[in-house]
Amino acid sequence: MYDNNLLRIMNDANDDTVYLADINTHELLYLSPAACKAVGLTSASGYQGKPCYKVLQGLDAPCPFCTNHLLTETEFYIWEHDNEALGRRYLLRDRLVHYQGRLVRMEIAADITDRGGGIKRQFADEAIINCIHQLGNFDDPDLAINHCLAQIGIFYKADCVHIYEMNREEKTFVSTYGWNSQEICVPNTQKYSFPSAGSCVESNNEAGFLCISADDRKAGKHSLEYRILQAQGAKKMIAVPLIDRLGAVIGLLGVTGPQDNTNAPKLVRTLSRFVIDRLEKRALLYRLDMLTYHDSMTGLYNRKRYIERIRELKEASLSCLGVVCICIDKLKNINSTYGQSYGDRMLIRTANILNGICPGDAYRISGDMFAGFFPDIGREDFQCLVEQLKASVNVKDTLHISIGTKWSPGEIDVTEQIIDAENLMGMYKQSYYVSTRADKDAYCSKLKNKLIEEIKNGKFTVLLQPKIHLKTGKVTGAEALVRKSGTSGEIISPAMFIPIYEKEGIVQLIDYYVLETVCRTMRDRISSKKSFPLTSVNFSRITIMDEGFVENICNILKRYGISPNMIEVEMTERMTETDLQVLAALVKQLRGIGFTVSLDDFGTEYSNLATLASIDFDTIKIDKSMVDHIVTNENARVIVEHAIQMGKALDQTELVAEGIETYEQLHTLKQLNCDVGQGYYFSKPLTISEFCQRYLHTDD
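The rules behind each value
- Residues numbered from 1 in each chain as written.
- Predicted model: local features only at pLDDT ≥ 70, side-chain atom pairs only at ≥ 80, totals over all residues.
- Heavy atoms only, no water.
- Helix = DSSP H or I, 4+ residues; strand = E, 2+ residues; numbered from the N terminus.
- Buried < 20%, exposed > 50% of the residue type's maximum accessible area, 1.4 Å probe, protein only.
- Contact = heavy atoms within 4.5 Å.
- Areas by Shrake-Rupley, 256 points an atom, 1.4 Å probe, with all protein chains shown as cover.
- Core = buried A, V, L, I, M, F, W, Y, C linked by side-chain atoms within 4.5 Å.
- Pairing = 2+ DSSP bridges.
- Axes fitted to C-alpha atoms, helices over the stretch in contact; angles between N-to-C directions.
- Phe/Tyr/Trp six-rings, centres within 6.5 Å; stacked < 30°, edge-to-face > 60°.
- Expected span 1.5 Å × (residues − 1).
- Arc of directions from axis to C-beta.
- Polar contact = N/O pair within 3.5 Å; in protein donor to acceptor, adjacent residues only side chain to side chain.
- Salt bridge = Lys/Arg side-chain N within 4 Å of Asp/Glu carboxyl O.
- Parallel < 35°, antiparallel > 145°, perpendicular 65-115°, else oblique.
- Left-handed = near helix turned anticlockwise from the far one by under 90°.
- Disulfide = S-S within 2.5 Å.

Engineer: Describe the overall build of the protein, and please don't skip the residues or the numbers.
Structural biologist: Check the secondary structure of the protein and you find 23 helices and 25 strands. The buried share of the protein, reckoned over its 700 residues, is 48%. In the protein, the proportion of contacts linking residues at least 24 apart, taken out of those at least 6 apart, comes to 62%. Total accessible area computed for the protein in this model is approximately 34500 Å², and 50% of it derives from carbon and sulfur atoms.

Engineer: Can you lay out the nonpolar core for me, pointing to particular residues and giving the numbers?
Structural biologist: Nonpolar side chains in soluble globular proteins tend to end up buried together. F549, L590 and L669 are the most contacted members of the largest nonpolar core, which has 101 residues in total. For this core, the leading source of residues is helix α15 (residues 508–527), giving eight residues. Core analysis: the second largest hydrophobic core is formed by 32 residues, Y90, C148, I163 and W179 among them.

Engineer: If you had to explain the sheet that holds strand β13 (residues 362–364) to someone new, which residues and values would you point to?
Structural biologist: An order of β13-β14-β12-β15 is seen for the four strands of this open sheet, with the pairing classed as antiparallel. Both edges of this open sheet fall to β13 and β15 (401–409), since each of them pairs with a single strand only. Going across the sheet, the axis of each strand differs from the next one's by a mean of 15°, ignoring polarity. Here three bridges tie β13 to strand β14 (residues 369–375), and the two strands are oriented antiparallel to one another. The residue bridging A362 from the neighbouring strand is G372, located in β14. Of the strands in this sheet, β12 (320–328), β14 and β15 are in contact with helix α12 (residues 379–391), which crosses β15 at around 175°.

Engineer: Could you give an account of the packing of aromatic side chains, naming the residues involved and the relevant values?
Structural biologist: Tallied over the entire structure, the rule returns 13 aromatic pairs. Both rings, one in Y363 and one in F373, keep their centres 5.7 Å apart while their planes meet at 65°; by these two values the pair is edge-to-face. Here Y363, found in strand β13, pairs with F373, found in strand β14; they are ten residues apart in sequence, far enough to count as distant. Here the two residues Y363 and F373 agree in accessibility, since each one is buried. Relative to F497, the ring of F460 lies with its centre 5.6 Å away and its plane at 75°, an arrangement referred to as edge-to-face. A residue pair is termed long-range when its members are at least 10 positions apart, and F460 in strand β16 (residues 460–469) and F497 in helix α14 (residues 494–503) qualify at 37 residues. Comparing F460 with F497 shows no difference in burial state: the two are buried.

Engineer: Give me the lowdown on helix α9 (residues 303–315), citing residues and values where you can.
Structural biologist: Spanning 13 residues, α9 covers 19 Å between terminal C-alpha atoms, matching the ideal 18 Å at 1.5 Å per step. Every buried residue of α9 is listed here: R305, Y306, R309, I310 and L313. Buried residues along α9 cover an arc of 145° about the axis, so they all sit on one side. In α9, the exposed positions that point more than 90 degrees away from the buried face belong to K314 and E315. The residue sitting at the N-terminus of α9 and contributing the capping side-chain oxygen is N302; that oxygen lies 3.2 Å from the backbone nitrogen of K304.

Engineer: Tell me about the pairing of strand β21 (residues 596–602), and name the residues and values.
Structural biologist: Counting buried positions over the seven residues of β21 gives seven, a clear majority of the element. As paired strands, β21 and strand β22 (residues 619–622) are joined by three bridges and run parallel to one another. Residue pairing in the sheet places F602 in a bridge with I622 of β22.

Engineer: Please set out the side chain of T543 residue by residue, giving values where relevant.
Structural biologist: By the element assignment, T543 lies in helix α16 (residues 541–544). A distance of 2.5 Å separates polar atoms of two side chains, one belonging to T543 and the other to D511. Among all residues touching T543, those that are not within four sequence positions of it are V507, Q508, D511, Y512 and F549.

Engineer: For the pattern of salt bridges, give the residues involved together with the corresponding values.
Structural biologist: In total, this model carries 25 salt bridges according to the counting rule given. A salt bridge links D60 to K54, with the nearest nitrogen and oxygen atoms 3.1 Å apart. Among the charged side chains, a salt-bridge network with shared partners connects R305, E308, R309, E312 and D361.

Engineer: Give me the environment of R523: which residues, what numbers.
Structural biologist: With respect to the helices, strands and loops of the structure, R523 is situated in helix α15. For the pair R523 and L557, spaced 34 residues apart in the sequence, the C-alpha separation amounts to 9.6 Å. When residues no more than four places from it in sequence are discounted, the contact partners of R523 are Y560 and I562.

Engineer: Go over the sheet that holds strand β2 (residues 28–31) with me, naming the residues and quoting the values.
Structural biologist: The strand order β2-β1-β5-β4-β3 describes an open sheet built from five strands, whose pairing is antiparallel. Single-partner strands in this sheet number two, and they are β2 and β3 (77–83). Taken over all neighbouring pairs, the strand axes of this sheet differ in orientation by 25° on average, direction set aside. Summarising the sheet, strand β1 (residues 17–22) and β2 pair through three bridges and their orientation is antiparallel. Residue pairing in the sheet places A21 in a bridge with L28 of β2.

Engineer: Tell me about the environment of T292, and please be specific about residues and values.
Structural biologist: Turning to its location among the elements, T292 is positioned in helix α8 (residues 266–293). Separated by twelve residues in sequence, T292 and K304 have C-alpha atoms that sit 7.8 Å apart. With sequence-adjacent residues up to four places away left out, T292 is seen in contact with N302 and K304.

Engineer: Before we move on, can you summarise the packing of helix α11 (residues 340–357) against α12 with the specific residues and values?
Structural biologist: Put simply, α11 and α12 touch, their axes get as near as 10 Å, and they point 155° apart. In terms of orientation, α11 lies roughly antiparallel with respect to α12. Crossing angle aside, the handedness with which α11 passes α12 is right-handed. Contacts between α11 and α12 involve I353, L354 and I357 on the former and, on the latter, L385, Q388 and L389.

Engineer: I'd like to hear about the state of the cysteines, residue by residue, with values.
Structural biologist: Here a disulfide denotes a covalent bond joining the sulfur atom of one cysteine to the sulfur atom of another. Tallying each qualifying case throughout the model produces zero disulfides. Of all cysteine sulfurs, the one in C52 lies closest to C63, which takes part in no disulfide; the gap is 6.0 Å.

Right under this line is the structure:
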């Protein structure tokens, strides 16, 4: 009836209670004489066909602390438990054995009610050894941690045990794992802020063990531990900090409502170290998963996970399925025109838009292509999300995407549905390319011809605004500005026409016209042995990023016999949207030829700071928006002061303040040690003739 191994184990149990039970139905198959006596039975008929939880524990449902899922055939699982039905405390040894042709649970229980604290210390050591052994059998860190928390909860007879991990970015502690006396793996969702919470945990670093009660007057009312007590309605708590290999606190292990062994820190201290190991293993597995299944740039799932997901969907029983395929149009052109970093931002933005409507099921499947799945979604809900996706794309900027969608109910061929969505996307993409190419070519050609005619007919005028050395009051240079005459003779600001020419890719005609006008003026004055100051010319990022930019401006200067050291190439803040490496190489090339290079509108964009860290400019121009309020607004003054100090710290860099309009602004800028200024306080933009007469003291 029994195999020899099972007989030996049961004989070794002596007077301990022993029982065998089916691991699936919990039906009692054998109860030793000592066990029958303990529960008041005189024969096998009293337990046969009945569940173990009913006969041994007096419960109507399986025990919430049942260890069946932890048992193996090779090792005993050792733990301790108070049997409330019998009023006794037992040291338990559980394992799986073969009995009557099936695998069953065997438990040997030793009554330790009257053995005192020594057995508790012995049990703590046995529990540690057993738990560590069991932890080694779990490949999944989550299962290992949950098992560990269960051992801690049972040992301390606690209401619950939680791990609170620290998120330093969000400055919170949040429960990520939990166990309670009813079930395993029940982390609460409560977040606890710090630094006030962190102070108690940090101070607990060296002690490694803290036991507080709700009525303890010494307990910090704002500490993490005390707030957990309040949130869970507990009267007592054991807390142990979780400390990584570098000695930093990364979280807290909290045991709330402990009823036993509260002065025995050994188990919770020891097991906390193994919890940390498993947390680190979990983090490593997460990083490996990220590398294996995620796109490093966008954070979406990659093509490998996409292929696996298709296989999963084919095997799933779906009532319906929606598929979205997305492609960024002309990504190559975006990269070549605005730089690689700008193109990367467009990829990230597209990924965020897609992930916003199908979180957890969005994929980057190639360089410019994305896909998303919507399983078991109704047609109307799917269409609503698609419209939301389309509305999220800002049609006013350079990003344009082609979208293909397919929704099907009933019998679903996932591969066919994806092909249909991709084909539809391709149709939209082709339509976009054809329509934009045809329409844009015709419109652009017409606009370009009109612009050439307007330049020939004198519709554009180049003005000069002086740059004044603030300490000496002398002219140190000039900035060339362009204006356009309207049909009624009105003056049109560059803000009204430059963006249009930029968008259509013909702004180079304006930029080179301004440069030629400045060079022609310089040539005429030089030939008449008259002086002319260093003059800055603004260039659009479209012009600057053109492959022939440097060659083109050098040819213009050569044609008029002008040295590069007489021209300052002025770049606007929008240039910082391009690839910094490309921009740095360009600036280095220009300065190597002899040009002076300035960064305009400093202070209006955060990206300027990153640009300054990578590129050496000769001049930094502080934007008018920063100068406007330096007299009346202390914050504005401080910002300008620090901007000037930062510019001064850059070797041989001149600071120019734009938009000076009042004496008070001038006086403040002098106090802040600004080098040069320009603005209406000195002069409005003048015609070239007026500028020469006023500032060069001679006719042109």
